[in-house]
Amino acid sequence: MKSKNNNLFYIPLFVAVLLSSGVQAQQQLSLENAISLARSSNADILVSTLEVEKAKQQRVSSRSLLLPTVNATAAANHYFQLPAFFGFGETTEGGKIPYGRFGGKDQLAAAITAVQPLYSPQAYSTLRRSHLQETESEVNASNTQLQVLAAVKQTYLTILVLEQRIKLQQESIARNKRVLQDARSLFAQGKALRVDTLRAFTSVKNLEPALTQLLYAVETQTLRLKTYIGLDSLQQIELTDSLTVPAPETIPDEAAVYAAARQNNPEYKALSLREDIGRESVKVASGLRKPVVAAVAQYQVQSQTNHFEYGQAYYPTSSYVGLQVTVPLFAGFSNQAKVKQASYAQQQATLVRKHAEDELHAEVHDVIARSQESVERLKTTAVVRETAQASYIIIQYRYKNGIASRLELTDAELALSTAQANYLEAVYDYLTARIQLDKLMGVVL
């Protein structure tokens, strides 16, 4: 009985520990903080940063083709029979070449060799290509950051809009519930028909699934935002910014947007760089068929002895300097194939760039058209929302005084809910269009 009481004492304590460990403090998150966290913690941005570091090391590796290489070698061999040397004495009658064996069975050699390239056509092209690849990786990193930050801003905006839609949906449900209560009250007094009560009940129930859908959508977008900014999925966050509608800005013309996209958008910069990289790759492949000239120097120490008595052996040295010319004559047609392969890659890069420029015109036109349409729709829906609000207030007043019918009140409520939803959608489309326009023009968020 005593142990049972002890168990009853520890169970609430255990539950309290679990609850205290599972609950995390809610983090206040503004859009500026979200963007800052994304810059420092987003996985895609971190990966692109590492790609830049890799490209820098590749440039260092390419530079080494123009610098001297120094190698140290050492070898120690034990022969069970002395090495044979042919050509001693005269050739025998049978045509056999005589040989002799001399020296030590234990041989040691150590050398330092230095090679300095003097003329290497492939090295210069490789260095220029690696420099272009480093620039490309930096541009790609900028493009990744631009895409991620635009996605963060878009997701943050989506959550704010969804929260407003939830608020509007709850207000609509509350209005319809009040209508349902009035209908039930009048039906109980014999002043209304049962069909009025059924109609009001149906209106309430039709609105509830949409509210549930919106709640789940907020959860999904919140998880997506946490992923973008590198927060744990269990971390509770609260968005501190509110949904504000700035005054509609002047939308630039297509020529200005196209020029800004060509100049500032990192995605299109990368296309031009790939074309330049393709040209250098052709030069690198062509360099495989050209001669290479290098200066060579070596310093060598040798020794021979028996029974591993290196301490009593001689250590003569030798050294030399010279020129080494390597002329590729035949490599199984691989060099020719590499040149053609690089040429095809360059042609692909050129075609991709030209096609992207052609598509850019259509994309710019589409973004500007959607921006202009969203501005016009924003103005129209704002007027309609105010009109629907005023109409609902009037119909509600008339209904309370017995002048308007319940059907008129229901229609006015539906018109108000629709107008509010349309205005909120117009706000979302307008802000989304501005985000897409800034992203296309390469504006850093």
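Going by the structure above, here's the rest.
Sequence order as written defines the numbering, with residues in each chain counted from 1. Local features in this predicted model are restricted to residues of pLDDT 70 or higher, and side-chain atom pairs are both shown and tallied only at a pLDDT of 80 or more, whereas totals for entire chains, interfaces and linings draw on every residue. Excluding hydrogens and water, the side-chain values take into account all heavy atoms of the structure.

**Q** Explain the sheet that holds strand β7 (residues 292-305) here, please?
**A** Sheets are built from strands paired through backbone hydrogen bonds, the pairs being either parallel or antiparallel. The strand order across the open sheet formed by four strands is β2-β5-β7-β8, and the pairing between neighbours is antiparallel. Two strands in the sheet have a free side with no partner beyond their single neighbour: β2 (69-78) and β8 (317-326). Recorded for the sheet is a direction-independent mean angle of 20° between the axes of neighbouring strands. In this description, strands pair whenever DSSP reports at least two bridges between them. Helix and strand labels come from DSSP, where a helix needs a run of H or I of at least four residues and a strand needs a run of E of at least two; each type is numbered from the N terminus. Sheet topology places strand β5 (residues 106-119) next to β7; 13 bridges connect them, and they run antiparallel. Bridging across to β7, A111 finds its partner in Q300. For every element, the axis is a line fit to its C-alpha atoms; helices are fit only across the contacting stretch, and the angle between N-to-C directions ranges from 0 to 180 degrees.

**Q** Is there a simple way to explain the environment of V367 in this structure?
**A** Position of V367 relative to the elements: it lies in helix α8 (residues 334-400). When accessible area is computed with a 1.4 Å probe and restricted to protein chains, residues below 20% of their type maximum are described as buried, those above 50% as exposed, and intermediate ones as partly exposed. What makes V367 buried here is its relative accessible area of 5%. With 134 residues separating them in the primary sequence, V367 and S233 have C-alpha atoms 34 Å apart. Should any heavy atoms of two residues lie within 4.5 Å, those residues are counted as being in contact. Setting aside chain neighbours within four positions, we find V367 in contact with A433, Q436, L437 and L440.

**Q** I keep staring at helix α3 (residues 43-63) and nothing clicks. Help me out?
**A** Residues three or four positions apart in an α-helix share a direction because the helix packs 3.6 residues into each turn. Expected span of a helix, by definition, is 1.5 Å for each gap between consecutive residues, and there is one gap fewer than residues. With 21 residues, α3 extends 31 Å between its outermost C-alpha atoms, agreeing within 8% with the 30 Å of an ideal straight helix rising 1.5 Å per residue. Restricting attention to buried positions, one finds in α3 the residues I45, S48, V52, A55 and S62. The arc that holds the buried residues of α3, viewed along the axis, is 90°, so those residues lie on one side. Of the exposed residues in α3, those oriented more than 90 degrees away from the buried face are L50, K54 and Q57. Buried residues in α3 make contact with α2 (31-41) and α4 (121-188). By the criterion applied in these results, polar contacts are pairs of N or O atoms within 3.5 Å in which, for protein atoms, one can donate a hydrogen and the other can accept it, and in which residues neighboring in sequence qualify only through two side-chain atoms. Between the side-chain oxygen at the start of α3 and the backbone nitrogen of D44 there is a gap of 2.9 Å, and the oxygen is on N42. Here the arc refers to the set of directions running from the helix axis out to each C-beta atom.

**Q** Help me understand the side chain of R175, please; the structure alone is not making it clear to me.
**A** Summarising the element assignment, R175 is placed in helix α4. The residues touching R175, leaving out its near neighbours within four places in the chain, are Y392, E413, L416, S417 and Q420.

**Q** Please clarify how empty space enclosed by the protein should be interpreted in this entry.
**A** Lining residues are defined by having an atom within 4 Å of a point belonging to a cavity or pocket. Those points lie on a 1 Å grid over the protein atoms alone, cavities being sets where a 1.4 Å probe fits but cannot get out and pockets being open sets with protein on both sides within 12 Å along at least five of seven lines. Grid points are joined across faces, edges and corners, and a volume is the space filled by probe spheres set on the points. The final tally for this structure, using the stated rule, is one cavity of 30 Å³ or more. Approximately 40 Å³ is the volume attributed to the largest cavity. As for the largest cavity, its lining consists of D196, R199, A200, S203, R406, L407 and T410. With four residues, helix α5 (residues 194-229) is the largest single contributor of residues to the lining of the largest cavity. Classes in brief: Ala, Val, Leu, Ile, Met, Phe, Trp, Tyr, Cys and Pro nonpolar; Asp, Glu, Lys and Arg charged; the others, Gly included, polar. Looking at side-chain class alone, the lining of the largest cavity contains two nonpolar, two polar and three charged residues.

**Q** What exactly am I supposed to notice about the packing of aromatic side chains here?
**A** A ring pair, where both rings are aromatic, is described by two values, the distance of the centres and the angle of the planes. Working definition: rings of Phe, Tyr and Trp (its six-membered ring) pair if their centres are within 6.5 Å, and the pair is stacked with planes under 30 degrees apart, edge-to-face with planes over 60 apart, and tilted otherwise. Using the criterion set out here, one finds two aromatic pairs in the structure. Taken together, a centroid distance of 5.2 Å and an interplanar angle of 90° make the contact between F330 and F333 edge-to-face. Accessibility expressed as a relative area gives 61% for F330, which makes it exposed. We call a charge positioned above a ring when the Lys NZ or Arg CZ atom is no farther than 6 Å from the ring centre and deviates by at most 35 degrees from the ring normal. Here the basic side chain of R175 rests over the ring of Y392, its NZ or CZ set 5.6 Å away from the ring centre. R385 extends its terminal NZ or CZ atom over the ring of Y423, reaching a point 4.0 Å from the ring centre.

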